[in-house]
Structure formats: structure tokens, C-alpha cells
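Structural overview for review
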Amino acid sequence: SGGAQRQLVILARELKRAGYDVGVFHYGESEAMARVLDGTGVPIISLARRGMPRFLIAAAALLKLLHLRPKRLVSFIDAANILAGLYSKLSGSTWVPSERSLSIGPPRAKDRLWRRFLYRSASAVTCNSHAQLHWVRSHFASLNSRSIYVGNAVGDEYLSKHSAQHPPRSPFRFLVLGRVA
């Protein structure tokens, strides 16, 4: 499991520790990071998906979200961002997507379309590197005041040449709590 999964379970664990009612909704094949949540009281809600076509997985996940009715969502990676964005549009819930695309070139037409449509309803968009923050702000000007950097557990010097050129422009409005060591 990579940075997104690690950030997700640490965020859930620390929000629970701080007294929030939090759960993890997961529709993937692996639960490799689930052990981080052992004994925390954070429920993991899984959607069985083996053998299902992608569009059915998406429909089932959206229906599950509508059933669970969360008031606030934090989502990681494109597919989860799309599902959470659609749910947020339907329900009016607060939503913070994490932009973790590895691309720093111009977005493909379909990626530009869904981001422009769904990110309008996001409270903020977090980016896991300064290069990603620069990419979001360069290609989606409407997000400039709502996009922020929330670092991964990897030093900036390993991520991009943009890390020193584009420091955060505003104080954090979203904070991931957890141990880094």
C-alpha cells in the first residue's frame, strides 16, 4: 500500500482519537493497511466487488454512500474522488478530495471535465506535493484559493523540482494528524 492508503488510515485513526465519529469506506481488493485501525474502533465498511464490472462497482459504491449518509467525506485517488464528488453533489455533504495524480502535464479531456464539474462543490482540494499543488492551480484556476498542500510521508526533495519553487501560499485549513516516525 502506498501513501494514499497510509494517509487515509492515519487520518481516520487520529480523527477517532480526537473524538470524531469516523469510518472508512473501502471498495478495493486489499485491506493491507487495515491493521493500522485494529483496536481503534474505526469501522471499515467494505464493498464486495470481485468479478463485478467497473460501472456496477461505481453504482454499488454510490448506493452504499447514499445508504450510509455521511455528512463529511475525505476521498483519495481519482475513482474515490469521483464517487465522493457525486455523493456530495447529491447530498450537499462537505467534501475534501485529495489530488494525488502523478501527472504534471496537461490533464486529459475526461480528467479535466470531471474535475471541473465535481471540484466546484469541494470545500478544499488537498495536494500531496508542491508539484501537484502547482499542477492543480495551473490547470484549474477556480481552485487557487481552495487548494492546499498536505504532505505525504515522503520528503519533498524526492518528489519534484517544484518543491522548493512553490511553497504553500496560505495557512492550512485542513490538517492530517498522526505520527511521522
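Here the structure is shown first, and the text comes after it.
First, a word on what this report is: a plain description of the structure on this page. (Residues numbered from 1 in each chain as written. Predicted model: local features only at pLDDT ≥ 70, side-chain atom pairs only at ≥ 80, totals over all residues. Heavy atoms only, no water.)

Digging into the overall build of the chain
Formally: Working definition: helices are DSSP H or I runs of at least four residues, strands are E runs of at least two. Numbering for both runs from the N terminus. Relative accessibility decides the category of a residue: with a 1.4 Å probe and only protein chains considered, values under 20% of the type maximum give buried, values over 50% give exposed, and everything between is partly exposed. Contact criterion: two residues are considered in contact whenever any of their non-hydrogen atoms come within 4.5 Å of each other.
Looking only at helices and strands, the chain features 5 helices and 6 strands. In the chain, the order of α-helices and β-strands from amino to carboxyl end is α-β-β-α-β-α-β-α-β-α-β. Per-residue burial for the chain yields a buried fraction of 39% across its 181 residues. Taking the contacts inside the chain whose residues are at least 6 apart along the sequence as the reference set, 55% of them involve residues at least 24 apart.

Re the side chain of Glu 99
Along the polypeptide, Glu 99 turns up in strand β4 (residues 94-99). Sequence-distant contacts of Glu 99, that is, excluding residues within four places in its chain, are made with Asp 78, Arg 115, Tyr 119, Val 125, Thr 126, Cys 127, Asn 128, Gln 132, Trp 135 and Val 136.

Points about the packing of helix α2 (residues 54-68) against helix α3 (residues 78-91)
What counts here: To get an axis, a line is fitted to the C-alpha atoms, and for a helix only the part in contact is used. The angle between two axes follows their N-to-C directions and goes from 0 to 180 degrees. Throughout this description, any angle smaller than 35 degrees is read as roughly parallel, any larger than 145 degrees as roughly antiparallel, any in the 65 to 115 degree range as roughly perpendicular, and the remainder as oblique. For any pair of crossing helices, the crossing counts as left-handed if the nearer helix is rotated counterclockwise from the farther one by less than a right angle, and right-handed if it is rotated clockwise.
Contact geometry for α2 and α3: axes closest at 10 Å, N-to-C directions at 45°. Taken together, the axes of α2 and α3 lie oblique to each other. When you trace α2 past α3, the crossing you get is right-handed. The residues of α3 that touch α2, namely those facing Ala 58, Ala 61, Leu 62, Leu 65 and Leu 66, are Leu 83, Leu 86, Tyr 87 and Leu 90.

Notes on helix α1 (residues 3-17)
Here is the rule we go by: The span you would expect from a helix comes to 1.5 Å times its residue count less one.
Between its first and last C-alpha atoms α1 spans 21 Å; for 15 residues at 1.5 Å apiece the expected length is 21 Å, and the two agree. Among the residues of α1, those classed as buried are Ala 4, Gln 7, Val 9, Ile 10, Leu 11, Ala 12, Arg 13 and Glu 14. Check the buried side of α1 and you find it contacts β1 (24-26) and β3 (72-76). Gly 19 occupies a position one or two residues after α1 and carries a positive phi of about 100°.

Comments concerning the packing of aromatic side chains
Aromatic rings considered in pairs are described by the distance between their centres and by the relative angle of their planes. To keep things clear, this is the line we draw: Stacked, tilted and edge-to-face are the three classes assigned to paired rings of Phe, Tyr and Trp, where Trp is represented by its six-membered ring and a pair needs centres within 6.5 Å; plane angles under 30 degrees give stacked, over 60 edge-to-face, the rest tilted. Placement of a positive charge over a ring is assigned whenever Lys NZ or Arg CZ falls within 6 Å of the ring centre and within 35 degrees of the normal to the ring plane.
One pass over the structure, following the stated rule, counts 3 aromatic pairs. With a centroid separation of 5.6 Å and an interplanar angle of 85°, the aromatic rings of Trp 114 and Tyr 119 are classed as edge-to-face. Exposure class is identical for Trp 114 and Tyr 119. Each is buried. Note on Trp 135 and Phe 140: the rings are 5.8 Å apart at their centroids and 65° apart in plane angle, and the pair reads as edge-to-face. Here the two residues Trp 135 and Phe 140 agree in accessibility, since each one is buried. Joined through ring pairs, the aromatic side chains of Trp 95, Trp 114 and Tyr 119 make up one cluster. Above the face of the Phe 117 ring, Lys 89 is positioned so that its terminal group lies 4.7 Å from the ring centre. Taking the ring centre of Phe 140 as reference, the NZ or CZ of Arg 112 above it sits at 5.9 Å.

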